[in-house]
Amino acid sequence: ACCVGSACVVRRRSRCRHNNPESEAPVVTTAAMACSLLHFCYFHDLKPIHEFLFPHSKGGDKEHSWEDEDWGTWEDGELKEIKEDKSSSKAPTVSWLQDCVISLSPTNDLMVMARDQKAVFLVPKWKNNEKGKNEMQYCVTWSGALNVEEGECVSSAICIPLASQKRSSTGRPDWTCIIVGFTSGYVRFYTENGVLLLAQLLNEDPVLQLKCRTYEIPRHPGVTEQHEELSILYPFALVTIDGFSLFQSLRACRNQVARAAASGAESVQPPPLTYKKWGLQDVDMIVDHTSIGIMTLCPFDQLKTASILGGVNATVKSSPPAMSAYVTVGSGPFTGFFYALEGSTQPLLSHVALAVASKLTSALFNAASGWLGWKSKHDEETVQKQKPKVEPATALPVRFGIPDSRRRGEHICLSPCNTLAAVTDDFGRVTLLDVVRGVAIRMWKGYRDAEVGWIQVVEDLHEREIEKSNVSPFSSPTGLRRVAQFLVIYAPRRGILEVWSTQQGPRVGAFNVGKHCRLLYPGYKIMGLNNVTSQGWQPQTYQICLIDPVDGNVKTINVPFHLALSDKKSERAKDMHLLKRLTVLLKAKVSNPENLETEIKMHLLDIKYPTMKKQALEKLLASKSISLSCLTNLIQALLDNLMNQDPESVDEGLLQFCLSQLKLLHLYTCVNKLNAEDVEQNGAKTNNELASLLRLEESESVKIQTLLDNYRHGKNKNTVQFEDDENCKLPIQMFLDFLEYEKETVHVKKVDEEEYVALGNFFFWKCLCGKCSVEEMCHLLESAGVRPQQFLALLLSMWLFREKDILKNQESISFLHSLLSLLIKMKGAIDVSWDFQSVSPWWQQVRSACAQAENIGAALLAALIGRSVSISVTNSLAEKDIQEIEASDGMTDSWEALSLDMEHWNMLLRQLEDCLVLQTLLQSKGNKPTCGHSEPLSRISVKKLLEGGRGVVADGAAKWIFKLDLTPSILKRAHQSRRLESTEEPEEKEHSILFHEKCRELGLERILEFLQLAYERFPYSLESDVLHAHCCWEYVVQWNKDPEEGCFLSRSVDHLKCVDNGHVQRGIAVMMWNTFIVKRLSAAAYLMDKVGKAPKDRLCRRDVGMSDTAMTSFLGSCSLLIQTLMEAEISSDEMKEPFLQIEDTWSAIEGPTSIVDLALEQRHVHYPLAEHHYILAVIMHGIMLFGMKSVKIFSLFDSKGKNAFFRELTSIQLLPSGDMDPNIVSLRQQFLMKLVSAAVQELIQPPKTEHASEQHSYSEQNEDWPSVAVELSPNLQVNEDCIKRHHVCELYGHGIDHIAEEAILQVHDQEVLASQLLVLTGQRLAYALLHTQTKEGMELLARLPPMLCTWLKAMNPQDLQNKDVPIEATARLARKVIELLPENHGQYSLVLHLLEAVDAISSL
C-alpha cells in the first residue's frame, strides 16, 4: 500500500508541477458576482492586548533575510505583492500576531488570544466607531494567567459553542466553552469569564493540537452519519473524546460552578472524562492531525486490503467493518493514515469507576485518620502535589502513508465534505489530498508559511439557469442543491489571499491583504446537535475569517457558487467576462466617444444570458460617462436585436425593460427641449388681479400680504441649494432612477424628499417662472401616461421647498393656478363618480401636503390657490347639475356651490394663518445676543400643532422666550399693552410710554408687535398663566441640563411667581420639586451635614453635580420655590380651578398632556411639611452664602424632623410638636446668632464685584438676613427678642450705628438691651482712654470717679469689631442707653458718670 501511494504521488507531482499561482490570470475581485472580502468585526485597539501578552517586548522584530525569502519566477500577470517600508514602525507592532495561539468561535461570539501563560478572552459588541457608525467591535471580557503547574504554557486553544436545549432557541449557542491545551499535557475547560470547569491530564507530553468535529446532516442517504468528537494530539498519542458525553459533562460542570458561586460553597470536583487513547506507532514525527470520522469500505476495497495484508488465505467478513480514520502530517512518513476499527477497544470507563472509588476510599481513610490523629500536614501536602495517574495508550500502527524523506508536513486542514485535505510543508508547497483514496491529487508551489482553509458554498436553486440548448434532468430547479468546495490559501510572505476551485479548478479570487494577517478556519460549528435537534436550526456561523492587525479588521470571504462552474465552455463565465470588460470601459477615460459606443454595443449584443444583459444595461443607465444620445442608440440597438430573434426565445422581462427605458428617455428629451425654449409669458399681475384670482376680498388680501411680508423678512435662508436651479437640469441617471414605466404609465418611485424636489424642479420650475408653456408641459405629461396624483405631489414638494423664491416673486401664483387647473383635468385626476358634496381625494392630497409643510408661507399660498381652483371646479360641476333650473340674469356668475371641501379649505387657511403668525414670532430676534445654551427651534406645521397636544403653542413660545431671555415683566406688559392703550388714566399711559421706550432701546419693539399678534390669534393657548407655566418649566429643564447656570433656575422661579392661579402655581411647583429639586437638595443637605460647614467646590461637584457658587444660587432658589409653593397652597383654597379652553380653529388638537393639565392633576401639599423644608433650605442657603463653619444642619432638628425631610410634600408626615429639647433650642439660637453676625459682617466687607450695582444688590440682600433669622425664630422655638437684641449689638459692635438705631425700635425688652449696650459703650470708652493714652486722656482718667475707672479697666475693647468709632457716636450711644434704662436701675448712676466722661472727651 505504501508503494502504491508513493507512485501515485510521483505521478501527480509531475502532473501538477506547473500549477503555479503566477500562471493564472489575475482575477478582478471588485466586479459583481465575484469573490469579495466582507468586513464583519474589528478591534478598536490591539495595543493593550499586545502589551499584556508581550510585556517585555522591545518593539521590534527581526526582518526576514534574503535566505528566508521564497524564490520563484513570477510572471507579470500576478497580483503585486505589498511592499512595506522597512523604516516604518508598523511591522514590529503587528507581527506579534503570528506568535500567538488564536481561536475564534464559529458563531463569532468569543475569541481567545494566548501566549505562554497568559490569555485574553474577547467578545463582540455593537459600538459606535470614529465616524459614529454602529459596528461590531471586539471587547476584552477577561484576561489573566491560565497556568496552574509551574513552567507550563499554552500550546493550543479552541472555542466550542454549545447548543441550547430550549425549544424556543433561535439558533444562537447557549454558551461557549474554551478548551486549552498546555505543554504539561493538561487539557483544561473554561467558561467565557475565565472560570475553570474541568481539568484532566491525559498524557504527560505537550499538547500539540486540539480539533473538533460537530454534527452535520448527511447530504445523501448512503453517507455515513458522523458523530461529534474532540481530538487531542500529543507527539505520539491521540486522545478522542465523544462529543455527546463531553457536552453533558460540560453542562453539568457549568451548572455546578454556578450553584457553588451562588451559595458561596466550594464546587465539587467533577469525575474525569470518558475518552479513547491511541498510541500512534511507526511514525518518526507528528506535527498535526485531522479526524476523518467513521468510514466503511466498499467490498472491492475490503477485498483489496484483506489480500494485501493477509495474502491468499485471508478471510473476509460478510459486512465491511466500520472504522475511524485519522490522518497525520509530519515526517517519516510525510502523511500517515491510521484506521481504528470500531469496537476494537473500549473507552476507559473502568478507570473512571476506579477513580471515583479511589476518591471515596481516600476520603473515608482521610476522615478516619483525622479522627485518630494519624494524619499530618506533611501528608496533606504530599497528596496535593501528587499528579494524577496517566492511562496507557492502545497501540495503533500506521496503515500506510505518503513517504517523502526530505519533506516535513506542518499543517493539515480537512474539507467540509470530509473527502479532501490541504497539507502545507516546509518546502513552501500546498498539497491537496484525497483522504479516501490516500493519494495527492494536486500541488501548489511558492507558499512558504502558508495558512489554509475551506469554504463550502451551496447552490441557490433560484439562480440556476436552464440552458435551452442542453436540457438535462440534473438541471431541474427542483433537484438537489449542488455543493462546491473552494480552497483558501493565505501566503504571508507575499501578503496575498487566494481562492481556488477544487479539485482541478482555476483560481477564482485573489486579494492583497498584508503580510501579518492570521487566517482562522474552525472546521466545526455548534456542539450538541443531532439528527432531531438540528431540524429547523439555522445557526449564524462563519466558515473562515482573516484578522488584519494593521487596521484591526476581521473579514470573511464571500464566494459565489457559479465560480465553481467557471470554465472555458461556460456561457455564464463568458458573459461575466464581457460584463467585467464593460465595467472597465465605463470607468476608463474616453477620447473618442464613437469608438466607445461601438465597443459597448458589441459587448452588449454578445452577452447571451438575459439576466446578464439586464445587469449590463443597468450599468449603462447608471454610468455618468454615457451621453443621452449614446444611451438611446445602445438601448435601441439592443431592442432591435431582441425583436429580430425568435419570439419564443426572447426574454419578455428584458424586452419590456428596454421599451420602458426608451420611453423614459423620450420623455426626458422632450422635457429638456421645453425647458430650453425659454418662452416669455404674459406680464405680471397686479395685487387686485391676484386677489380676484384667489377669490379674496381687499381687506383679506392686505392682511395676508402683511403677514407674508413679516414672515419673509424674518425667515432664515435655506441651506439646501441646487447647483443649476435656473436651467433646471437633472442628470439622466437620476431621472431614470426616480421614474419607472409600467403598464403604459409613468410611476414615481419612493424616493427621499430632496429627490422629490429635484424631480419637481426639473418638470415644473420653468413653468412657474413663466419661461415654459404650462399647456405644453401638461399635454406632454398626459401623453406620456403619467399619474396626475404623483406629479401633483412633485409640484407641491417643489413649491413648498422653494418658498424663498416664491415669496420674492409672487408672479408664480398665477402659473401655479394654471398648473393645478390643467392637472386636475387630466385623465384619472378626479374620479368620475365623485360628488362635490363629499371630500375629494385630489384636494385632500393638496391639503395634507400644506398641513405637513414647515414652510408656512408657501403652504398658505398653495392653499389659497387650491381653494380657488377647487371653487372653479365645483362651480363647473354644479352648473351641469342645475342646467334645468332657470336662474335669474346676473346671479349665475356669482353663484358658488357649497361643498364639504370648502369647509376643510377654510379651516386649513385659518390654521395656516395662525401658524404663519406663530412662526414669524418664533424666528424673530432682538438686538442682544441669544442664549448660548438654547437649541435651534424646530419649525412648526399645522400637522405638528394638531399632534403636539394642547400645550404645543405655549411650549414653542417658551423655548423662544428662553432663547431671547425675555423677562417676565416684558411678557406681562405685552399682555396688558392693549388694555393700557384703551385706558384714559394719565399714570398708566405714562408707564406705557416708558415701557415702550425701554423696549425700543433693547430692539424689542418689533418683537412686541409679533407677540401681541400671537396673543390675538391664540388667546387661550398663550393665556398669561399658561405661558408663564411653560416658561417656568422650560427654564428649569434647561437648568437641569446645565446646573452651573443658576440664573436659569432663578428665572424659572420668577415666572412661577407670575402665575396668578394658585392651583396652577402649586402644581407646577410640586412638579419642579419632585422632578428636579428634591434629589439635589437632599444630596447637598447630607454633604453639608457630613462636613459640618460650607463644603468646598470639589465636594460640591462630586456629590451634588455643581460648583459651590452654583449651589449657593441653587439653595436660594429652592427657598424661594418652597415659599412660593406655600403661598400658592393658601391662595388655591380661595379660588376655583381654571377651565382650560382651546381655540375653535384648533379644537381637533390631540397629543400629549400639557404642563398645565399635569399641574392641575397634582394633589395638595401638606403645609407644615413644606414649611419644614423651607426652614431647611433657608438654613442651608445661609451657611453656603456666608461660608459658615461648625454647623451640623441636622443637629438643629430632632429625630421626627430628620425623618420628615425629603418626603413627598403631598404626604402626611409625623412632624415635631410641643416643646423642643432645650439643647436643640440652644443650638438653634446659637446658629441664628451666627447667621446674624455673618450677615452684619458682610455689610462691612461686601464681596468684590466688577459692577457697583451688583455690589449694592448684594448688600441689600444681606441686610434682609437678620429679618429672615427673626422670621425663623418662632418656627425654631427661639426667642425673637434675643435675636433682635443680638442684631443691635452686632451693628453697634461693627460701628454701624445708624442702622442699629433703627433696629432698636423693634426690640421689646429694652432694659436688657440697655445693659448690653452699656457694655459696648464701656468698651468704646476704655479703648479711647486706656489704649490711646493721650496726655489729655490720662488727665481726664485721673479726674474720673474711682468706681468708673475700675469698671472701665475691666472692659475688654478687643470684643469690638470696629474700634475706630467717632466719640460723638459713642456719646449718642450713651444717651440712648440712658433713655432705655429706668432711673431706678442699679447701673443708672454708672451711665451718668459714663456720659459725663464721654462729653468731657468730646470737648477735648
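For clarity, every value in this text was computed on a predicted model and none was experimentally measured.

A count of helical and extended segments in the protein chain gives 46 helices and 31 strands. The 1404 residues of the protein chain split such that 50% are buried. Relative to all contacts within the protein chain whose residues are 6 or more apart in sequence, the contacts with residues 24 or more apart total 73%. For the protein chain, the exposed area adds up to about 70,200 Å²; of that, 51% sits on carbon and sulfur atoms.

Let's shift gears to the nonpolar core. In this structure, Phe 735, Phe 763, Trp 799, Met 1111, Phe 1114, Ile 1193 and Leu 1317 are the most contacted members of the largest nonpolar core, which totals 277 residues. With 15 residues, the top contributor of residues to this core is helix 31 (residues 1062-1091). Contacts of Trp 799, omitting those with residues within four sequence positions, involve Leu 768, Ile 806, Ser 812, Ile 813, Leu 816, Ala 858, Leu 861, Ala 862 and Ile 865. Counting 37 residues, the second-largest nonpolar core is a separate cluster that includes Val 430, Tyr 490, Val 513 and Phe 561.

Below, the discussion takes up the sheet that holds strand 12 (residues 237-242). Hydrogen bonds between backbone groups are what pair the strands of a sheet, and the pairing can be parallel or antiparallel. With mixed pairing, the five strands of this open sheet are ordered in space as 10-11-12-13-17. With partners counted over all chains shown, the strands left at the sheet margins are strand 10 (209-213) and strand 17 (394-397), one partner each. Looking at each pair of strands side by side, their axes are set apart by 25 degrees on average, direction ignored. Here strand 13 (residues 276-281) pairs with strand 17 via four bridges, running parallel. Each bridged residue has a counterpart across the sheet, and for Gly 279 the counterpart in strand 17 is Ala 395. Lying over the sheet, helix 4 (residues 243-263) contacts strand 11 (229-234) and strand 12, oriented at roughly 70 degrees with respect to strand 12.

So, about the pattern of salt bridges. Counting across every chain of the model gives 35 salt bridges. Here Arg 1017 and Asp 914 are joined by a salt bridge, their closest N and O atoms 2.6 Å apart. Highlighted residues: Arg 1017 in helix 28 (residues 1005-1017) and Asp 914 in helix 23 (residues 900-922), separated in sequence by 103 residues. Classification of Arg 1017 as partly exposed rests on a relative accessible area of 21%. With a relative accessible area of 4%, Asp 914 lands in the buried category. For the salt bridge of Lys 959 with Asp 955, the shortest nitrogen-to-oxygen distance reads 2.9 Å. Note that Lys 959 and Asp 955 are positioned in helix 25 (residues 952-964) at a spacing of four residues, about one turn of the helix. For Asp 955, a relative accessible area of 29% translates into the label partly exposed.

Right, let's talk about the packing of aromatic side chains for a bit. Throughout the structure, instances matching the rule amount to 27 aromatic pairs. Measuring from ring centre to ring centre gives 5.4 Å for Phe 762 and Phe 763, while their planes differ by 70 degrees; the resulting arrangement is edge-to-face. Both residues of the pair, Phe 762 and Phe 763, count as buried. The ring of Phe 52 carries Lys 118 above its face, with NZ or CZ at 4.9 Å from the centroid. Across from the ring centre of Phe 334, 5.8 Å away, lies the NZ or CZ of Arg 407, which sits over that ring.

Another aspect to go through is helix 4. The end-to-end C-alpha distance of helix 4 is 30 Å, a good match for the 30 Å that 21 residues give at a rise of 1.5 Å each. Among the residues of helix 4, those classed as buried are Gly 243, Leu 246, Phe 247, Leu 250, Cys 253 and Ala 260. With its buried residues spanning 165 degrees around the axis, helix 4 presents them on a single face. Exposed residues pointing more than 90 degrees away from the buried face of helix 4 are listed as Phe 244, Arg 259, Ala 262 and Ser 263. If you follow the buried residues of helix 4, they end up packed against strand 6 (154-162), strand 7 (175-182), strand 8 (186-190), strand 9 (196-201), strand 11 and strand 12. By the N-cap criterion, in which a side-chain oxygen at the helix start approaches the backbone nitrogen of a residue two or three places on, helix 4 is capped by Asp 242, the distance to Phe 244 being 3.3 Å.

Turning our attention to the sheet that holds strand 20 (residues 420-425). In spatial order, the strands read 19-20-21-22; together these four strands make up an open sheet with antiparallel pairing. On the outer flanks of this sheet lie strand 19 (409-414) and strand 22 (439-445), each paired with one strand and no other. Taken pair by pair, the neighbouring strands of this sheet meet at an average axis angle of 20 degrees, ignoring direction. Two elements, strand 19 and strand 20, share five bridges in a ladder whose sense is antiparallel. Counterpart to Gly 409 in the pairing with strand 20 is Asp 425.

As a further point, take the side chain of Glu 229. With respect to the helices and strands, Glu 229 occurs in strand 11. Of the residues examined, Glu 229 reaches a relative accessible area of 12% and is grouped as buried. With residues up to four places along the chain from it excluded, the contact list for Glu 229 reads Lys 211, Cys 212, Arg 213, Thr 240, Ile 241, Gly 243, Ser 291 and Tyr 326.

Take helix 46 (residues 1388-1403) next. The terminal C-alpha atoms of helix 46 lie 23 Å apart, and with 16 residues this matches the ideal 22 Å at 1.5 Å per residue to within 8%. Listed in full, the buried residues belonging to helix 46 are Tyr 1388, Leu 1390, Val 1391, Leu 1394, Leu 1395, Ala 1397, Val 1398 and Ile 1401.

The subject of this paragraph is the environment of Glu 1134. With respect to the secondary-structure elements, Glu 1134 resides in the loop between helix 33 (1108-1132) and helix 34 (1155-1160). With relative accessibility at 69%, the residue Glu 1134 sits in the exposed group. Sequence-wise, Glu 1134 and Gly 1062 are 72 residues apart; in three dimensions their C-alpha atoms are separated by 8.6 Å.

Bringing the confidence of the model for the protein chain into the picture now. Close inspection of predicted coordinates is inappropriate in any region flagged by low pLDDT. Here the protein chain shows a mean pLDDT of 82. Residues at 70 or above account for 82%. Of all secondary-structure elements in the protein chain, the lowest mean pLDDT belongs to helix 1 (residues 2-16), at 33, while strand 20 reaches the highest, 96. Here residues 717-725 scores under 50 on pLDDT; set against residues more than four positions off or in separate chains, the count is twelve contacts. pLDDT under 50 marks residues 886-897. Its contacts with residues more than four places away, or in other chains, come to eleven contacts.

A few words on the packing of helix 8 (residues 571-587) against helix 10 (residues 610-622). Contact geometry of helix 8 with helix 10 gives a least axis separation of 10 Å together with a crossing angle of 5 degrees. Between helix 8 and helix 10, the angle is such that the two are roughly parallel. Here Arg 572, Asp 575, Met 576, Leu 579, Leu 582, Thr 583 and Leu 586 of helix 8 lie close against helix 10, whose contacting residues are Met 612, Gln 615, Ala 616, Lys 619 and Leu 620. Tallied by class, residues from the contact of helix 8 with helix 10 come to seven nonpolar, two polar and three charged.

Conventions and cut-offs
Residues numbered from 1 in each chain as written. Predicted model: local features only at pLDDT ≥ 70, side-chain atom pairs only at ≥ 80, totals over all residues. Heavy atoms only, no water. Helix = DSSP H or I, 4+ residues; strand = E, 2+ residues; numbered from the N terminus. Buried < 20%, exposed > 50% of the residue type's maximum accessible area, 1.4 Å probe, protein only. Contact = heavy atoms within 4.5 Å. Areas by Shrake-Rupley, 256 points an atom, 1.4 Å probe, with all protein chains shown as cover. Core = buried A, V, L, I, M, F, W, Y, C linked by side-chain atoms within 4.5 Å. Pairing = 2+ DSSP bridges. Axes fitted to C-alpha atoms, helices over the stretch in contact; angles between N-to-C directions. Salt bridge = Lys/Arg side-chain N within 4 Å of Asp/Glu carboxyl O. Phe/Tyr/Trp six-rings, centres within 6.5 Å; stacked < 30°, edge-to-face > 60°. Lys NZ or Arg CZ within 6 Å of the ring centre and 35° of its normal. Expected span 1.5 Å × (residues − 1). Arc of directions from axis to C-beta. Polar contact = N/O pair within 3.5 Å; in protein donor to acceptor, adjacent residues only side chain to side chain. pLDDT = per-residue confidence, 0-100. Parallel < 35°, antiparallel > 145°, perpendicular 65-115°, else oblique. Nonpolar A, V, L, I, M, F, W, Y, C, P; charged D, E, K, R; others polar.

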